[in-house]
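Commentary on secondary and tertiary structure
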Amino acid sequence: MKLLLPGIVILTLSGCFGQEERIYTVDELMADEVLLAKITSECRNNPGALRQTPNCQNAEAAHWKLWLRTTPGG
């Protein structure tokens, strides 16, 4: 019984701290265009909340690098 209350508190608090989202590099996103499209879509659907996140910034950079590669003279 002594451990019941601390156990409940620990379980409750552990639910408050979710795992951090993995941050993908520009190179990783360029190599996985499906993942790049998913992240880009999420970012563009909620720019106010997500625009400044590392994954959105890296996805935008990866998108532009891929675009520059496919343009003539790029």
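Whatever comes next refers back to the structure up there.
Quick summary incoming for the structure in this document. (Residues numbered from 1 in each chain as written. Predicted model: local features only at pLDDT ≥ 70, side-chain atom pairs only at ≥ 80, totals over all residues. Heavy atoms only, no water.)

**Digging into helix 3 (residues 33–45)**
Spanning 13 residues, helix 3 covers 18 Å between terminal C-alpha atoms, matching the ideal 18 Å at 1.5 Å per step. Turning to helix 3, its buried residues number three or more, namely L35, L36, I39, T40 and C43. Taken down its axis, helix 3 places every buried residue within 130° of arc, on the same side. Away from its buried face, by an angle of more than 90 degrees, helix 3 presents the exposed residues V34 and N45. Where the residues of helix 3 are buried, they touch helix 2 (26–31), helix 4 (47–50) and helix 5 (54–70). (Helix = DSSP H or I, 4+ residues; strand = E, 2+ residues; numbered from the N terminus. Expected span 1.5 Å × (residues − 1). Buried < 20%, exposed > 50% of the residue type's maximum accessible area, 1.4 Å probe, protein only. Arc of directions from axis to C-beta. Contact = heavy atoms within 4.5 Å.)

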